[in-house]
4 protein chains.
Amino acid sequence: MVRVAIIGGSGYTGLELIRLLVRHPGVDLTAVTSREYNGKPVSLAFPALAGVCHLTFSWPDPDRLAGAADLFFVALPHKTAMAVIPSLLEAGGKVVDLSADFRFRDRKVYEEWYQEHTAPELLAEAVYGLPELYREEIKRARLVGNPGCYPTSVILGLAPLLHAGLIESQGIIADCKSGASGAGRGVSLSTLYCEVNEGFRAYKIAEHRHTPEMEQELGRLAGLPLKITFTPHLVPMNRGILATLYTVLQGPLEEQEIAAVFEQFYRGAPFIRLCPPEILPNTAAVRGSNYCDLAWRLDQRTGRLIVVSAIDNLTRGASGQAVHNMNLMLGFPETQGLEVVPFLP
Amino acid sequence: MVRVAIIGGSGYTGLELIRLLVRHPGVDLTAVTSREYNGKPVSLAFPALAGVCHLTFSWPDPDRLAGAADLFFVALPHKTAMAVIPSLLEAGGKVVDLSADFRFRDRKVYEEWYQEHTAPELLAEAVYGLPELYREEIKRARLVGNPGCYPTSVILGLAPLLHAGLIESQGIIADCKSGASGAGRGVSLSTLYCEVNEGFRAYKIAEHRHTPEMEQELGRLAGLPLKITFTPHLVPMNRGILATLYTVLQGPLEEQEIAAVFEQFYRGAPFIRLCPPEILPNTAAVRGSNYCDLAWRLDQRTGRLIVVSAIDNLTRGASGQAVHNMNLMLGFPETQGLEVVPFLP
Amino acid sequence: MVRVAIIGGSGYTGLELIRLLVRHPGVDLTAVTSREYNGKPVSLAFPALAGVCHLTFSWPDPDRLAGAADLFFVALPHKTAMAVIPSLLEAGGKVVDLSADFRFRDRKVYEEWYQEHTAPELLAEAVYGLPELYREEIKRARLVGNPGCYPTSVILGLAPLLHAGLIESQGIIADCKSGASGAGRGVSLSTLYCEVNEGFRAYKIAEHRHTPEMEQELGRLAGLPLKITFTPHLVPMNRGILATLYTVLQGPLEEQEIAAVFEQFYRGAPFIRLCPPEILPNTAAVRGSNYCDLAWRLDQRTGRLIVVSAIDNLTRGASGQAVHNMNLMLGFPETQGLEVVPFLP
Amino acid sequence: MVRVAIIGGSGYTGLELIRLLVRHPGVDLTAVTSREYNGKPVSLAFPALAGVCHLTFSWPDPDRLAGAADLFFVALPHKTAMAVIPSLLEAGGKVVDLSADFRFRDRKVYEEWYQEHTAPELLAEAVYGLPELYREEIKRARLVGNPGCYPTSVILGLAPLLHAGLIESQGIIADCKSGASGAGRGVSLSTLYCEVNEGFRAYKIAEHRHTPEMEQELGRLAGLPLKITFTPHLVPMNRGILATLYTVLQGPLEEQEIAAVFEQFYRGAPFIRLCPPEILPNTAAVRGSNYCDLAWRLDQRTGRLIVVSAIDNLTRGASGQAVHNMNLMLGFPETQGLEVVPFLP
């Protein structure tokens, strides 16, 4: 049994990590930290976990943590994450960081959209934790930057097409819709029940910080820098992201050629489901699972190819993907602990 | 008091018409028909209307109806609508038709997307009931084809820009999200509570029948035929449509020039609200009202102009707009009976 | 036009007061105060009110307020309310207080469940603002203590039965379920969207502060002191309270005798709707309105009479009732400004 | 591997059985029947199950089924269930019946509330499948009548108290609230999204068919016949039942005596969680799991003991409990396949 710990375990991604890790047969969850709940049993803070998790939240003391686990999930806000990660690595631990701090290759891009980077020496070795793109690198990594929820949904939908050079790399639009858990468990007026329920809105149009992350990875797939138009929206539901992706074909294509490109690219990827022709992705069909469901439609009238992807933002968009990365880093079977049946209805 | 009747009053748009018309000071609602509820008091079928509406649902007998009202709201499915409307007009009535049957100028377009048109002789005189575009024509009309919900949200968002020639007329994308009442009150598996709740999905990508309606009106505004990419989505909420509209500017533009174009175009339009710079439209902010809230953002990085519009699909997208049209047709003050404060929370 | 002001207008009951008062033909809303939004236009804080309310939030300065209106709605938390009300009255204003501060006849009861009362000299003249019980007293009142939301739903359901002596006065159970707006617009973890959505729970069992308010009024109706068992629950919806009330009949009774008692008691009450036999109350059927829907069922097997009432907690349970009280205090027609059709769906 | 089959697998309880059985290490799911989806792959009817369940729905032909499995879950409507079960038993199969057909010891009670019983000879051997009450009998059973969802929530809340003789057996009230999946996946107006969402209502007051089932089991625990007042309500959420149970103590009791009785009664019961004093049950905390969360409060003012229980109606209230029963019948570890962490948020 490998010992793992969660740094910052009282938010929704922390909770989701606990849900997955307590049932993972290969690991022993030894610590969950929380400044807010320090000293409180996990099952008192989250009665759903009574009888399931017998830990008590502890203070995120780096020294004590260093010896407590072999691999750390860091579920802290960005900036706070890069403050604690170097010491964890130094003490010999492996790290999956769920913040944005180690997702960027180019320090300048990070600093333009976030703030000064305080551990830039680690950027070169950090691997972007999207297993469908970097499976081998992740296996060898000491530090994985777990992708953002929106970027996961967008990159998985476009990767086969850009990699195969089927679509124009410029002018892509990602119209994304997320459930409310994406806003986190922090207390704010805008995420109160009555402020979210029975409403639908866009936010941070053309200025959301997940944009450069998408551009970094899509640009690598395309083989040249690209810019994307990204609009996030808030859906009155707990979980799920649906991404509707608008692209322009480079030339005329048959449906089956597109299908072949997707099948080829995702051959052997256990968490990608290509929808049969009569089905379109629905966030409800992936709820609680690590699946990404994908479909596409050719709009013959306008020459556009529209791709739709659906993920659970907390599982595939955060904690499930983090466990997937852990499985690769520790040499476990890729799907271990993630064979969760989507939760319906 | 002008006598008005609702043909097909047991669906959500019929209900919404009753809600608005029973409080309209200029009209007397004399009849509401329903084959299903024929003979049943409205207040028994809809307990919410007890003490509010004292009518009993009647059979839609055209002969009896002809004399019962001076203006008819036809809230029937397309095809059924055009079967009853000619006789209502012949008997001297005015008609606001909420179906698609009289929205198209070109019979061929209608027949390509719907079915054979059985009253094509009326198409020339029918007016497309979007008051911001056709106020004067509506005032003189005998027959108004009330716009579809999605087209209302899309056309209002793009009209000023196309009219002013600021954006490319080709390549427009309308990514629209609608609450579940848009699917109607008909019984089906896909609209059951547990099938809609906690899920989000696209449907009828690049094949929804509201597409040609948008293209007809946007093409007229642009002065040339155009094609649009339209994707509808289903949001787990009762009411509301948010349209996120992606356009390409014809040339560099300042924010204030765009603002000026919108302000100019909608000067004096009582149901258009241009959001101040710090606000983005939210369907919750227009709920139950006839408002269309509009905002736009320039994505300087990609040269796109993104417009967002929000309406209540049952009010502005159907019955409220129908009452607005009635006000114009009957010479009432434009906002009469529609001064409803958005319902929050 | 009578000038009215809202003290504490940035919560949900404040918002609901604005919604109703801006459309009330007899009053002029001259001021809305908010410490938090002081100086901010109402339409910026609440974009739903753009074009509807042209006021700017002001600081609750008692001196300036005193001259600004003839009647004040105080929508402040308890304790804060009784600190400002005396000066408003002194300056000649009338007051409808939506807090608990002036609902109790017996200072000791208030102090046992809340805290020390700082304006006890006003308790004797304050009228409990349930118009079905105190219509005449309210007409003459200078200060009305507007009832709590739960007590409104419970008292209206039981008043006819206790008044007629049909049920045992001891042993009554009120099992009440409220939408999330009842918790207010204050920011807290327990009212975040993801904490409320898809969950259902009881809270403050046998210790909720609305209990003594119910007991005061029910005891007066019964003619002797009584105790009630009250359990509140939180429903994942914005608005509405359903109260399921369990009583024991004093002796055998026919359905029609019960019906007669309800009809007699509520004769001429414009906001009470007694459901026909085949209908049970649904909070959705009263949404946004001032109605209270009532029904009852005899459980012949156990000898119990079960009464069900439904109200909108923000309208009938707070702001709508406050406007009703204002209408009575100012001599307006009782239903003026409250002829809102329930909002469905 | 024991072969199991689901008869009637296209409803919500069928879906939930599939979710649990495909991950159960001891069984092989060999067939799922559905008249409606006969011949359709499960993963096409339910895209959520793509990659998870590779079966195709088959016709419920009793002859072919008989040899296909060793144990059958019958998830058919009552009446239909008892028509197929005898032949399954005859062919040597074991049966867990999720309908009401084999829950009653007394044929007359069944026939009074349902209809004529067509397999009364099996009633004597059928075991009521509530493991906390009948663990040993279930282990030896050939036919288990799986409890109803409401009765599960009510009986588990009251069993320790009635068994210990602490409460009056007469006059108990069960005020229960259920999510919409309890109404099944059948298509009807009353379960449409817009008819359920943002509403709350009671239904079938004092006449719901789960009443006699509660009375049968509670009466056995009390040692004498009893009657209960039962009111079901519909909550706008997918899953969950909360039961608020009102009882009268037989005499004065300390909190800790009550706690001791619950702890004693449920010692070793792996799916019962007694909440710590500061926690009250929430359906969200048991979602997707087989747990029943229990708490109680003494209302010292009225002498009542109020018990609250929370279950997931589809898991503990139907399919999870059915799998629990299967585990007992087949000699598997009691919790096998049911170690699901509650799904939050």
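Not measured: the values here are computed from a predicted model.

Rules and cut-offs
Residues numbered from 1 in each chain as written. Chains lettered and ligands numbered in written order. Predicted model: local features only at pLDDT ≥ 70, side-chain atom pairs only at ≥ 80, totals over all residues. Heavy atoms only, no water. Buried < 20%, exposed > 50% of the residue type's maximum accessible area, 1.4 Å probe, protein only. Helix = DSSP H or I, 4+ residues; strand = E, 2+ residues; numbered from the N terminus. Pairing = 2+ DSSP bridges. Least-squares fit on C-alpha atoms with pLDDT ≥ 70 in both. Contact = heavy atoms within 4.5 Å. Axes fitted to C-alpha atoms, helices over the stretch in contact; angles between N-to-C directions. Core = buried A, V, L, I, M, F, W, Y, C linked by side-chain atoms within 4.5 Å. Buried area = accessible area lost by both parts, 1.4 Å probe. Salt bridge = Lys/Arg side-chain N within 4 Å of Asp/Glu carboxyl O. Polar contact = N/O pair within 3.5 Å; in protein donor to acceptor, adjacent residues only side chain to side chain. Nonpolar A, V, L, I, M, F, W, Y, C, P; charged D, E, K, R; others polar. UniProt positions renumbered as here; feature names shortened; annotations may be inferred. Left-handed = near helix turned anticlockwise from the far one by under 90°. Phe/Tyr/Trp six-rings, centres within 6.5 Å; stacked < 30°, edge-to-face > 60°. Lys NZ or Arg CZ within 6 Å of the ring centre and 35° of its normal.

(A) Molecular detail of the pairing of strand 12 (residues 292-299) of chain A. All names here are of chain A. With eight of eight residues buried, strand 12 lies mostly within the body of the structure. Here strand 12 shows no split at all, with C292, L294, W296 and L298 on one side and D293, A295, R297 and D299 on the other all buried. Alignment of strand 12 against strand 13 (residues 304-311), held across seven bridges, turns out to be antiparallel. Among the inter-strand pairings, W296 is bridged to a residue of strand 13, identified as V307.

(B) Layout of the relation of the copies chain A and chain B. Mapping chain A onto chain B calls for a screw motion: a turn of 180 degrees about the axis and a shift of 0.0 Å along it, with 0.0 Å RMSD after fitting. Such a combination of rotation and displacement between the chain copies is what one expects of a two-fold axis.

(C) Representation of the sheet that holds strand 10 (residues 241-248) of chain B within the structure. Residues and elements named next belong to chain B. With mixed pairing, the seven strands of this open sheet are ordered in space as 8-9-7-10-13-12-11. The strands lining the two open edges of the sheet, one partner per strand, are strand 8 (201-202) and strand 11 (272-274). Running over the sheet, helix 7 (residues 149-163) touches strand 7 (172-178), strand 9 (228-234), strand 10, strand 11, strand 12 (292-299) and strand 13 (304-311) and is turned about 35 degrees from strand 10.

(D) Expanded view of the nonpolar core. Ranked by internal contacts, the top residues of the largest apolar core, which has 439 residues, are F73 of chain A, F73 of chain B, F73 of chain C together with F73 of chain D. In this structure F73 of chain A touches V4, A5, I6, I7, L17, L21, V96, L98, A322, V323 and M326 of chain A, once residues within four positions along its chain are discounted.

(E) Summary view of the relation of the copies chain B and chain C. Once chain B is rotated about the relating axis by 180 degrees and shifted along it by 0.0 Å, it coincides with chain C to within an RMSD of 0.0 Å. Here 100% of the interface residues in chain B have copies in chain C that are interface residues too; the copies meet face to matching face.

(F) A look at the interface of chain A and chain B. At the interface, 46 residues of chain A touch 46 residues of chain B. Both sides of the chain A and chain B interface together cover about 3,700 Å² of buried area, and 58% of this is carbon and sulfur. The closest approach of N and O atoms between E215 of chain A and R301 of chain B, which form a salt bridge, is 2.4 Å. Inspection of the chain A/chain B interface yields 26 residue pairs in polar contact (both at pLDDT 80 or more). Among the elements of the structure, strand 7 (172-178), strand 8 (201-202), helix 9 (211-222), strand 9 (228-234), strand 10 (241-248), strand 12 and strand 13 of chain A are those that each provide at least two residues to the side of chain A that touches chain B. Within the side of chain A that touches chain B, the residues separate by chemical class into 21 nonpolar, 12 polar and 13 charged.

(G) Representation of the UniProt feature "active site" (unreviewed entry) in chain A in the model. Residue and element names in this part refer to chain A. When the UniProt feature table is mapped onto this chain numbering, "active site" (unreviewed entry) sits at C149. You can see C149 is positioned in helix 7 (residues 149-163). Not counting residues within four places of it along the chain, the set of residues in contact with C149 comprises H210, I241, I311, N313 and G317.

(H) Expanded view of the environment of A48 of chain D. Mapped onto the elements, A48 of chain D comes out in the loop between helix 2 (42-45) and helix 3 (62-66). Between the C-alpha atom of A48 of chain D and that of F343 of chain D, which follows or precedes it by 295 residues, the distance is 16 Å. Sequence-distant contacts of A48 of chain D, that is, excluding residues within four places in its chain, are made with R273, A285, P342 and L344 of chain A.

(I) A look at the interface of chain B and chain C. The partner chain C presents 36 residues to the 36 residues of chain B that form the contact. Sorting the residues of chain B by area buried against chain C places V341, F343 and P345 of chain B first, and these three jointly supply 24% of that buried surface. Inspection of the region where chain B meets chain C yields zero salt bridges. Linking chain B with chain C are 12 residue pairs in polar contact (both at pLDDT 80 or more). The leading source of residues in the side of chain B that touches chain C is helix 1 (residues 12-21) of chain B, at four residues. Broken down by class, the residue content of the side of chain B that touches chain C amounts to 21 nonpolar, five polar and 10 charged.

(J) Examining the packing of helix 6 (residues 131-140) of chain C against helix 11 (residues 315-330) of chain C more closely. All names here are of chain C. Between helix 6 and helix 11, whose axes approach to 9 Å, the crossing angle comes to 40 degrees. Crossing handedness for the pair helix 6 and helix 11: right-handed. On helix 11, the residues touching P131, E132, R135, I138 and K139 of helix 6 are R316, Q321, H324, N325, L328 and M329. The class makeup of the residues in the contact of helix 6 with helix 11 is four nonpolar, three polar and four charged.

(K) A look at the pattern of salt bridges. With the rule as written, the count across this model stands at 68 salt bridges over all chains. For the salt bridge of R105 of chain B with E217 of chain B, the shortest nitrogen-to-oxygen distance reads 3.7 Å. Taken as a pair, R105 of chain B in the loop between strand 4 (94-97) and helix 5 (107-113) and E217 of chain B in helix 9 (residues 211-222) lie far apart in primary sequence, 112 residues in all. A residue is classified by how much of its surface remains accessible, and R105 of chain B, at 41% relative accessible area, is partly exposed. In this structure E217 of chain B comes out as buried when scored by relative accessible area, which is 0%. One network of salt bridges, in which partners are shared, links E16, R19, R239 and D312 of chain A.

(L) Examining the sheet that holds strand 4 (residues 94-97) of chain A more closely. All names here are of chain A. As summarised here, the arrangement of the six strands in space is 2-1-3-4-6-5, forming an open sheet in which the pairing is parallel. The open sheet terminates on both sides in strands that have one partner only, identified here as strand 2 (27-32) and strand 5 (127-128). Note: strand 5 against strand 6 (residues 143-145), two bridges, orientation parallel. Residue pairing in the sheet places V127 in a bridge with V144 of strand 6.

(M) Focus on the packing of aromatic side chains. By the definition in use, this model includes 50 aromatic pairs over all chains. Taking 4.3 Å as the distance between ring centres and 5 degrees as the angle between the ring planes, the aromatic pair formed by F262 of chain A and W296 of chain A counts as stacked. Placement of F262 of chain A in helix 10 (residues 255-265) and of W296 of chain A in strand 12 is noted, with a sequence separation of 34 residues between them. Of the two residues, F262 of chain A and W296 of chain A, both sit in the buried class. One aromatic cluster is present, built from ring pairs that chain together Y37, F46 and F57 of chain A. Across from the ring centre of Y291 of chain B, 3.9 Å away, lies the NZ or CZ of R273 of chain B, which sits over that ring.

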